[in-house]
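Each chain, letter by letter, is given below.
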Amino acid sequence: MIKVFADLHVHIGRSLDGKPVKITAAKTMTLPEVIKTACDIKGLSMIGVIDAGSKGVRRDFQTLIKENNLGPLEGGGYRAGDLTVIPGTEIELSVGEGTAHFLAFFSSIEDLEKYVLEIEPFIKNWQLSSQKAHLHVEEWLSAVAVGKGIWLPAHAFTPHKGIYGNCCESLLDVLPGLPPALEIGLSADRQMAKMKVELDQVVLFSNSDAHSLPKIAREYNLLELSENSFLGLYNLIHKKSGQVLSNYGLPPRFGKYFRTYCLVCEQIVEGEPPKVVCPKCGSQKIVMGVFDRLVSIADRDLPGEKDPMYIYQLPLRELPGIGPKVYNKLLEAFGTEMAVLHKASEEDLINVVGEKIAQWILHSRSGKLKLKAGGGGVFGKVVDILP
(Lines give C-alpha, C1' and ligand atoms only; values in the text may rest on other atoms or scores of the structure.)
Protein backbone atom coordinates (compact mmCIF):
# COMPACT_ATOMS: atom_id res chain seq x y z
CA MET A 1 0.00 0.00 0.00
CA ILE A 2 1.16 3.55 -0.77
CA LYS A 3 0.16 7.01 0.45
CA VAL A 4 -1.11 9.49 -2.14
CA PHE A 5 -2.04 13.19 -1.93
CA ALA A 6 -5.06 13.52 -4.23
CA ASP A 7 -7.25 16.39 -5.45
CA LEU A 8 -10.03 14.84 -7.54
CA HIS A 9 -11.86 17.97 -8.77
CA VAL A 10 -9.74 20.22 -11.01
CA HIS A 11 -11.21 22.21 -13.90
CA ILE A 12 -9.81 23.18 -17.31
CA GLY A 13 -10.40 26.79 -18.44
CA ARG A 14 -9.27 26.50 -22.07
CA SER A 15 -8.40 23.66 -24.40
CA LEU A 16 -5.15 24.02 -26.33
CA ASP A 17 -7.02 25.31 -29.39
CA GLY A 18 -7.98 28.38 -27.34
CA LYS A 19 -11.65 27.50 -26.94
CA PRO A 20 -13.30 27.95 -23.53
CA VAL A 21 -14.10 24.84 -21.48
CA LYS A 22 -15.10 25.95 -17.97
CA ILE A 23 -16.40 29.48 -18.56
CA THR A 24 -15.67 30.63 -15.00
CA ALA A 25 -12.16 29.15 -14.92
CA ALA A 26 -8.96 31.03 -15.71
CA LYS A 27 -7.58 30.95 -19.25
CA THR A 28 -4.29 29.69 -17.79
CA MET A 29 -6.04 26.47 -16.72
CA THR A 30 -4.90 24.41 -19.70
CA LEU A 31 -4.22 20.69 -19.31
CA PRO A 32 -0.39 21.05 -19.48
CA GLU A 33 -0.38 23.95 -16.96
CA VAL A 34 -2.72 22.12 -14.60
CA ILE A 35 -0.44 19.06 -14.67
CA LYS A 36 2.68 21.17 -14.15
CA THR A 37 1.19 23.11 -11.24
CA ALA A 38 -0.28 20.05 -9.52
CA CYS A 39 3.02 18.16 -9.72
CA ASP A 40 5.81 20.73 -9.50
CA ILE A 41 4.27 23.44 -7.32
CA LYS A 42 1.56 21.78 -5.27
CA GLY A 43 3.29 18.41 -4.84
CA LEU A 44 0.19 16.28 -5.42
CA SER A 45 0.36 12.60 -6.38
CA MET A 46 -3.03 12.32 -8.12
CA ILE A 47 -5.53 14.69 -9.74
CA GLY A 48 -8.94 14.21 -11.27
CA VAL A 49 -9.37 16.36 -14.38
CA ILE A 50 -13.15 16.62 -14.48
CA ASP A 51 -13.45 18.37 -17.85
CA ALA A 52 -12.06 15.48 -19.88
CA GLY A 53 -15.47 15.02 -21.47
CA SER A 54 -14.97 18.27 -23.39
CA LYS A 55 -14.16 17.66 -27.07
CA GLY A 56 -11.18 19.98 -26.85
CA VAL A 57 -9.81 18.46 -23.65
CA ARG A 58 -10.14 14.94 -25.05
CA ARG A 59 -8.02 16.08 -27.99
CA ASP A 60 -5.54 17.61 -25.54
CA PHE A 61 -5.19 14.27 -23.73
CA GLN A 62 -4.51 12.53 -27.04
CA THR A 63 -1.94 15.19 -27.99
CA LEU A 64 -0.04 14.83 -24.70
CA ILE A 65 -0.12 11.04 -25.03
CA LYS A 66 1.32 11.20 -28.58
CA GLU A 67 4.03 13.61 -27.37
CA ASN A 68 4.89 11.20 -24.52
CA ASN A 69 3.98 13.83 -21.92
CA LEU A 70 1.29 11.49 -20.63
CA GLY A 71 1.79 7.75 -20.37
CA PRO A 72 -1.07 5.25 -19.87
CA LEU A 73 -0.83 3.28 -16.63
CA GLU A 74 -1.49 -0.44 -16.48
CA GLY A 75 -4.03 0.13 -13.70
CA GLY A 76 -5.69 3.00 -15.58
CA GLY A 77 -5.14 6.73 -15.58
CA TYR A 78 -2.07 8.47 -16.96
CA ARG A 79 1.36 9.22 -15.55
CA ALA A 80 3.05 12.62 -15.91
CA GLY A 81 6.28 12.53 -13.93
CA ASP A 82 5.29 11.71 -10.35
CA LEU A 83 1.65 12.66 -10.94
CA THR A 84 -1.25 10.36 -11.84
CA VAL A 85 -3.95 12.04 -13.94
CA ILE A 86 -7.45 10.53 -13.86
CA PRO A 87 -9.79 11.69 -16.68
CA GLY A 88 -13.27 12.57 -15.51
CA THR A 89 -16.34 14.66 -16.18
CA GLU A 90 -18.78 16.86 -14.28
CA ILE A 91 -22.44 16.88 -15.27
CA GLU A 92 -25.62 18.61 -14.12
CA LEU A 93 -28.75 16.50 -13.62
CA SER A 94 -32.27 17.25 -12.44
CA VAL A 95 -32.93 15.27 -9.27
CA GLY A 96 -35.59 15.70 -6.63
CA GLU A 97 -36.45 19.34 -6.05
CA GLY A 98 -33.60 20.85 -8.04
CA THR A 99 -30.42 20.22 -10.01
CA ALA A 100 -27.11 18.80 -8.80
CA HIS A 101 -23.61 18.24 -10.10
CA PHE A 102 -22.09 14.76 -10.29
CA LEU A 103 -18.54 13.60 -11.03
CA ALA A 104 -17.53 10.49 -12.95
CA PHE A 105 -14.01 9.12 -13.49
CA PHE A 106 -12.72 6.68 -16.07
CA SER A 107 -9.70 4.47 -16.61
CA SER A 108 -8.84 6.00 -19.99
CA ILE A 109 -10.00 8.49 -22.61
CA GLU A 110 -11.24 5.51 -24.64
CA ASP A 111 -13.51 4.37 -21.78
CA LEU A 112 -14.68 7.95 -21.25
CA GLU A 113 -15.62 8.16 -24.93
CA LYS A 114 -17.80 5.05 -24.54
CA TYR A 115 -19.65 6.96 -21.83
CA VAL A 116 -19.90 10.05 -24.05
CA LEU A 117 -21.48 8.05 -26.87
CA GLU A 118 -24.22 6.89 -24.50
CA ILE A 119 -25.32 10.38 -23.47
CA GLU A 120 -24.17 12.51 -26.42
CA PRO A 121 -27.75 13.24 -27.63
CA PHE A 122 -28.70 14.66 -24.21
CA ILE A 123 -26.08 17.43 -24.01
CA LYS A 124 -26.07 20.48 -26.27
CA ASN A 125 -22.42 21.59 -26.15
CA TRP A 126 -19.71 19.01 -25.50
CA GLN A 127 -16.94 21.61 -25.56
CA LEU A 128 -18.13 23.20 -22.33
CA SER A 129 -17.82 21.87 -18.79
CA SER A 130 -20.60 20.96 -16.35
CA GLN A 131 -23.33 20.90 -18.98
CA LYS A 132 -26.89 19.97 -18.07
CA ALA A 133 -27.94 16.58 -19.38
CA HIS A 134 -31.61 16.04 -20.12
CA LEU A 135 -31.88 12.49 -18.84
CA HIS A 136 -32.79 10.67 -15.64
CA VAL A 137 -30.11 9.89 -13.09
CA GLU A 138 -30.63 6.13 -13.65
CA GLU A 139 -29.87 6.60 -17.36
CA TRP A 140 -26.74 8.56 -16.50
CA LEU A 141 -25.56 5.84 -14.11
CA SER A 142 -26.03 3.27 -16.86
CA ALA A 143 -23.82 5.36 -19.15
CA VAL A 144 -21.13 5.57 -16.44
CA ALA A 145 -21.29 1.78 -16.14
CA VAL A 146 -20.77 1.37 -19.91
CA GLY A 147 -17.50 3.28 -19.51
CA LYS A 148 -16.63 1.21 -16.41
CA GLY A 149 -16.46 4.42 -14.44
CA ILE A 150 -16.84 5.46 -10.81
CA TRP A 151 -19.11 8.30 -9.73
CA LEU A 152 -20.07 10.54 -6.82
CA PRO A 153 -22.13 13.66 -6.06
CA ALA A 154 -20.05 16.86 -6.22
CA HIS A 155 -19.92 19.58 -3.50
CA ALA A 156 -22.93 17.86 -1.96
CA PHE A 157 -23.92 20.43 0.67
CA THR A 158 -23.58 23.70 -1.26
CA PRO A 159 -26.74 25.69 -2.08
CA HIS A 160 -25.83 25.88 -5.77
CA LYS A 161 -25.93 22.49 -7.50
CA GLY A 162 -25.31 20.44 -4.35
CA ILE A 163 -27.54 17.39 -3.98
CA TYR A 164 -28.26 17.98 -0.26
CA GLY A 165 -28.14 21.76 -0.54
CA ASN A 166 -30.43 22.00 -3.55
CA CYS A 167 -32.38 18.78 -4.11
CA CYS A 168 -33.22 16.51 -1.20
CA GLU A 169 -33.09 15.68 2.49
CA SER A 170 -32.02 12.09 1.86
CA LEU A 171 -29.98 10.66 -1.03
CA LEU A 172 -32.27 7.64 -1.10
CA ASP A 173 -35.17 9.93 -2.00
CA VAL A 174 -33.57 10.81 -5.35
CA LEU A 175 -30.99 8.09 -6.14
CA PRO A 176 -31.50 4.36 -6.73
CA GLY A 177 -29.09 3.65 -3.87
CA LEU A 178 -26.41 5.31 -1.79
CA PRO A 179 -23.44 6.52 -3.85
CA PRO A 180 -20.12 4.76 -3.17
CA ALA A 181 -18.52 8.14 -2.40
CA LEU A 182 -19.38 11.80 -1.97
CA GLU A 183 -17.55 15.13 -2.20
CA ILE A 184 -18.12 17.21 0.93
CA GLY A 185 -17.56 20.69 -0.53
CA LEU A 186 -15.73 23.78 0.68
CA SER A 187 -18.18 24.90 3.39
CA ALA A 188 -18.51 21.59 5.27
CA ASP A 189 -16.35 18.94 6.92
CA ARG A 190 -16.61 15.32 8.09
CA GLN A 191 -18.03 16.40 11.45
CA MET A 192 -20.91 18.18 9.71
CA ALA A 193 -21.42 15.26 7.31
CA LYS A 194 -21.97 13.00 10.35
CA MET A 195 -25.25 14.84 10.91
CA LYS A 196 -26.60 12.62 8.09
CA VAL A 197 -26.76 8.99 9.25
CA GLU A 198 -26.83 7.61 5.69
CA LEU A 199 -23.32 8.95 5.06
CA ASP A 200 -21.78 6.67 7.70
CA GLN A 201 -21.19 4.07 4.97
CA VAL A 202 -20.11 6.47 2.20
CA VAL A 203 -16.48 7.34 1.36
CA LEU A 204 -15.97 11.10 1.85
CA PHE A 205 -13.60 13.25 -0.19
CA SER A 206 -12.54 16.89 0.04
CA ASN A 207 -11.43 18.43 -3.27
CA SER A 208 -10.51 21.88 -4.48
CA ASP A 209 -13.01 22.45 -7.33
CA ALA A 210 -10.15 24.62 -8.65
CA HIS A 211 -11.00 27.28 -11.23
CA SER A 212 -7.49 28.78 -11.21
CA LEU A 213 -4.00 27.36 -10.85
CA PRO A 214 -3.36 28.73 -7.32
CA LYS A 215 -6.59 27.11 -6.07
CA ILE A 216 -5.46 23.56 -6.94
CA ALA A 217 -5.13 21.62 -3.66
CA ARG A 218 -6.89 24.22 -1.52
CA GLU A 219 -8.64 21.03 -0.39
CA TYR A 220 -7.27 17.52 -0.94
CA ASN A 221 -7.03 14.03 0.53
CA LEU A 222 -4.37 11.70 1.87
CA LEU A 223 -5.26 8.28 0.48
CA GLU A 224 -3.81 4.85 1.15
CA LEU A 225 -4.04 2.97 -2.15
CA SER A 226 -2.99 -0.40 -3.49
CA GLU A 227 -1.45 1.53 -6.40
CA ASN A 228 -1.38 5.12 -7.67
CA SER A 229 -3.80 4.56 -10.54
CA PHE A 230 -7.47 4.49 -11.49
CA LEU A 231 -7.62 0.91 -10.19
CA GLY A 232 -6.27 2.02 -6.82
CA LEU A 233 -8.94 4.71 -6.60
CA TYR A 234 -11.64 2.29 -7.80
CA ASN A 235 -10.69 -0.26 -5.14
CA LEU A 236 -10.79 2.38 -2.41
CA ILE A 237 -14.21 3.73 -3.42
CA HIS A 238 -15.67 0.23 -3.63
CA LYS A 239 -14.01 -0.78 -0.34
CA LYS A 240 -11.90 -3.56 -1.83
CA SER A 241 -8.59 -2.12 -0.63
CA GLY A 242 -7.26 1.21 0.54
CA GLN A 243 -8.77 3.96 2.65
CA VAL A 244 -9.03 7.71 3.12
CA LEU A 245 -6.50 8.52 5.82
CA SER A 246 -7.27 12.26 6.04
CA ASN A 247 -9.18 15.05 4.37
CA TYR A 248 -7.37 18.38 4.32
CA GLY A 249 -9.73 21.27 3.88
CA LEU A 250 -10.75 24.81 4.65
CA PRO A 251 -12.33 25.29 8.07
CA PRO A 252 -16.07 25.32 7.24
CA ARG A 253 -16.49 28.85 8.63
CA PHE A 254 -14.05 30.03 5.95
CA GLY A 255 -16.20 28.59 3.16
CA LYS A 256 -18.17 31.03 1.03
CA TYR A 257 -21.53 29.33 1.69
CA PHE A 258 -21.15 28.41 5.37
CA ARG A 259 -23.95 30.61 6.78
CA THR A 260 -27.15 32.00 5.32
CA TYR A 261 -26.77 35.28 3.44
CA CYS A 262 -29.48 37.93 3.07
CA LEU A 263 -29.64 39.26 -0.49
CA VAL A 264 -31.49 42.40 0.67
CA CYS A 265 -29.21 43.39 3.54
CA GLU A 266 -26.21 41.98 1.66
CA GLN A 267 -24.76 40.47 4.79
CA ILE A 268 -24.37 37.14 6.58
CA VAL A 269 -27.24 36.26 8.91
CA GLU A 270 -26.06 35.75 12.48
CA GLY A 271 -27.59 33.63 15.23
CA GLU A 272 -28.47 30.00 15.85
CA PRO A 273 -29.10 27.95 12.68
CA PRO A 274 -31.17 27.28 10.72
CA LYS A 275 -31.95 30.74 9.38
CA VAL A 276 -34.47 30.73 6.53
CA VAL A 277 -35.60 34.34 7.00
CA CYS A 278 -33.39 37.36 7.65
CA PRO A 279 -34.02 38.41 11.30
CA LYS A 280 -32.98 41.97 10.49
CA CYS A 281 -35.28 42.81 7.56
CA GLY A 282 -37.63 39.80 7.48
CA SER A 283 -36.77 38.97 3.85
CA GLN A 284 -36.93 35.43 2.51
CA LYS A 285 -34.57 36.41 -0.31
CA ILE A 286 -31.60 34.51 1.04
CA VAL A 287 -28.86 32.12 0.01
CA MET A 288 -29.25 29.25 2.45
CA GLY A 289 -26.00 28.49 4.25
CA VAL A 290 -24.53 24.99 4.27
CA PHE A 291 -24.61 24.82 8.07
CA ASP A 292 -28.17 26.17 8.23
CA ARG A 293 -29.33 23.65 5.61
CA LEU A 294 -27.66 20.75 7.37
CA VAL A 295 -29.22 21.64 10.72
CA SER A 296 -32.64 21.70 9.03
CA ILE A 297 -32.26 18.21 7.46
CA ALA A 298 -30.04 16.51 10.08
CA ASP A 299 -30.72 13.06 11.49
CA ARG A 300 -28.50 13.69 14.51
CA ASP A 301 -26.91 16.65 16.28
CA LEU A 302 -23.53 18.02 15.28
CA PRO A 303 -20.96 15.81 17.05
CA GLY A 304 -19.30 17.57 19.94
CA GLU A 305 -15.82 16.44 19.02
CA LYS A 306 -14.04 17.25 15.78
CA ASP A 307 -13.44 14.29 13.46
CA PRO A 308 -9.67 13.62 13.62
CA MET A 309 -9.69 12.47 9.97
CA TYR A 310 -10.55 16.01 8.82
CA ILE A 311 -7.63 18.39 9.19
CA TYR A 312 -8.34 22.11 8.88
CA GLN A 313 -5.79 23.78 6.67
CA LEU A 314 -5.72 27.01 4.71
CA PRO A 315 -3.70 27.30 1.50
CA LEU A 316 -0.46 29.20 1.98
CA ARG A 317 -1.62 32.19 -0.08
CA GLU A 318 -4.64 32.66 2.22
CA LEU A 319 -2.44 33.29 5.26
CA PRO A 320 -1.52 36.82 6.38
CA GLY A 321 1.87 37.99 5.18
CA ILE A 322 2.23 35.40 2.41
CA GLY A 323 2.19 37.34 -0.84
CA PRO A 324 3.79 36.28 -4.13
CA LYS A 325 7.38 37.01 -3.00
CA VAL A 326 7.12 35.10 0.28
CA TYR A 327 5.23 32.27 -1.44
CA ASN A 328 7.98 31.89 -4.05
CA LYS A 329 10.59 32.03 -1.30
CA LEU A 330 8.90 29.11 0.46
CA LEU A 331 8.75 27.08 -2.76
CA GLU A 332 12.42 27.77 -3.48
CA ALA A 333 13.34 26.57 0.01
CA PHE A 334 11.07 23.53 0.34
CA GLY A 335 10.07 22.56 -3.21
CA THR A 336 6.27 22.25 -3.09
CA GLU A 337 3.28 23.37 -1.05
CA MET A 338 2.86 19.84 0.32
CA ALA A 339 6.42 20.03 1.66
CA VAL A 340 5.75 23.37 3.37
CA LEU A 341 2.40 22.27 4.80
CA HIS A 342 3.44 18.82 5.97
CA LYS A 343 7.20 18.50 6.32
CA ALA A 344 8.94 21.83 6.99
CA SER A 345 10.10 22.13 10.60
CA GLU A 346 9.48 25.21 12.75
CA GLU A 347 13.18 26.01 12.77
CA ASP A 348 13.48 25.79 8.99
CA LEU A 349 10.36 27.92 8.47
CA ILE A 350 11.68 30.61 10.81
CA ASN A 351 15.01 30.63 8.98
CA VAL A 352 13.28 31.15 5.62
CA VAL A 353 10.37 33.53 6.37
CA GLY A 354 10.83 34.70 9.94
CA GLU A 355 9.04 34.02 13.22
CA LYS A 356 5.70 35.76 12.50
CA ILE A 357 4.91 34.09 9.17
CA ALA A 358 6.24 30.75 10.44
CA GLN A 359 3.72 30.91 13.29
CA TRP A 360 0.85 31.58 10.87
CA ILE A 361 1.85 28.45 8.94
CA LEU A 362 2.24 26.32 12.08
CA HIS A 363 -1.05 27.47 13.59
CA SER A 364 -2.81 26.83 10.29
CA ARG A 365 -1.27 23.36 10.29
CA SER A 366 -2.80 22.68 13.71
CA GLY A 367 -6.17 24.31 12.94
CA LYS A 368 -5.69 27.17 15.43
CA LEU A 369 -6.83 30.17 13.42
CA LYS A 370 -9.72 32.47 14.36
CA LEU A 371 -11.95 33.06 11.34
CA LYS A 372 -14.75 35.38 10.30
CA ALA A 373 -17.52 33.26 8.76
CA GLY A 374 -18.17 33.28 5.01
CA GLY A 375 -21.52 33.27 3.22
CA GLY A 376 -23.40 34.30 0.10
CA GLY A 377 -20.49 33.51 -2.20
CA VAL A 378 -17.87 35.41 -0.16
CA PHE A 379 -15.10 33.51 1.63
CA GLY A 380 -14.38 34.12 5.31
CA LYS A 381 -11.27 35.83 6.61
CA VAL A 382 -8.42 34.99 8.98
CA VAL A 383 -8.65 37.46 11.85
CA ASP A 384 -6.38 36.08 14.57
CA ILE A 385 -4.64 33.07 16.13
CA LEU A 386 -6.63 31.13 18.72
CA PRO A 387 -5.16 31.01 22.26
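Procedures and definitions
- Residues numbered from 1 in each chain as written.
- Predicted model: local features only at pLDDT ≥ 70, side-chain atom pairs only at ≥ 80, totals over all residues.
- Heavy atoms only, no water.
- Helix = DSSP H or I, 4+ residues; strand = E, 2+ residues; numbered from the N terminus.
- Rg over C-alpha atoms; globule rule 2.2 N^0.38 Å.
- Buried < 20%, exposed > 50% of the residue type's maximum accessible area, 1.4 Å probe, protein only.
- Contact = heavy atoms within 4.5 Å.
- Areas by Shrake-Rupley, 256 points an atom, 1.4 Å probe, with all protein chains shown as cover.
- Lys, Arg positive; Asp, Glu negative; His and termini not counted.
- Charge placed at Lys NZ, Arg CZ, Asp CG, Glu CD.
- Pairing = 2+ DSSP bridges.
- Polar contact = N/O pair within 3.5 Å; in protein donor to acceptor, adjacent residues only side chain to side chain.
- Core = buried A, V, L, I, M, F, W, Y, C linked by side-chain atoms within 4.5 Å.

Novice: Describe the overall build of the chain, naming the residues involved and giving the relevant values.
Specialist: Of regular secondary structure, the chain possesses 12 helices and 17 strands. Relative to a compact globule of 387 residues, whose C-alpha radius of gyration would be 21 Å, the chain shows 20 Å and is just as compact. Put simply, the chain has 387 residues, and 58% of those count as buried. In the chain, the share of contacts with a sequence separation of at least 24, taken over all contacts with a separation of at least 6, comes to 67%. In the structure as shown, the chain presents an accessible area of about 16100 Å², 50% of it carried by carbon and sulfur atoms. Charge separation in the chain, taken as the distance between the mean sites of 43 positive and 45 negative side-chain charges, equals 5 Å.

Novice: Lay out the pairing of strand S6 (residues 98-105) with the relevant residues and their values.
Specialist: Along S6, eight of the eight residues are buried, which leaves the element largely enclosed by surrounding structure. Counted between consecutive antiparallel strands, the loop separating strand S5 (residues 83-95) from S6 contains two residues, among which Gly96 sits at a positive phi close to 55 degrees. As paired elements, S6 and strand S7 (residues 150-153) share four bridges and run antiparallel to each other. Residue Ala104 lies in a different strand from S7, and its bridge partner there is Trp151.

Novice: Tell me what's going on with helix H7 (residues 230-237), and back it up with residues and numbers.
Specialist: Within H7, six of the eight residues are buried, leaving the element largely enclosed by the surrounding structure. Of the residues making up H7, those classed as buried are Phe230, Gly232, Leu233, Asn235, Leu236 and Ile237. Regarding H7, its N-cap is Ser229, as a side-chain oxygen of that residue lies 3.3 Å from the backbone nitrogen of Leu231 further along. Backbone geometry just after H7 places Lys239 at a positive phi near 60 degrees.

Novice: Go over the nonpolar core, please, and point to the residues and values.
Specialist: Residues Trp140, Ile163 and Leu330 are the most contacted members of the largest nonpolar core, which totals 109 residues. If sequence neighbours within four positions are ignored, Trp140 has contacts with Ile91, Leu93, Phe102, Leu103, Ala104, Tyr115, Ile119, Leu135 and Trp151. Of all hydrophobic cores here, the second largest spans 21 residues; its members include Ala181, Val203, Phe230 and Val244.

Novice: Would you mind going over the environment of Leu8 in detail, with residue names and values included?
Specialist: Summarising the element assignment, Leu8 is placed in strand S1 (residues 2-10). Counting along the chain gives 40 residues from Leu8 to Gly48, while the straight-line C-alpha distance between them is 3.9 Å. Apart from residues no more than four positions distant in its own chain, Leu8 is found in contact with Met46, Gly48, Ile50, Leu103, Phe105, Phe205, Asn207 and Leu233.

Novice: Can you break down the sheet that holds strand S12 (residues 261-262) residue by residue, with the values?
Specialist: Note: strands within a sheet are paired through backbone hydrogen bonds, in either parallel or antiparallel orientation. A sheet is described by the order of its strands in space; here three strands give the open sequence S13-S12-S14, paired in antiparallel fashion. Both edges of this open sheet fall to strand S13 (267-268) and strand S14 (286-287), since each of them pairs with a single strand only.

Everything listed is a geometric property; what it means functionally is a separate question.
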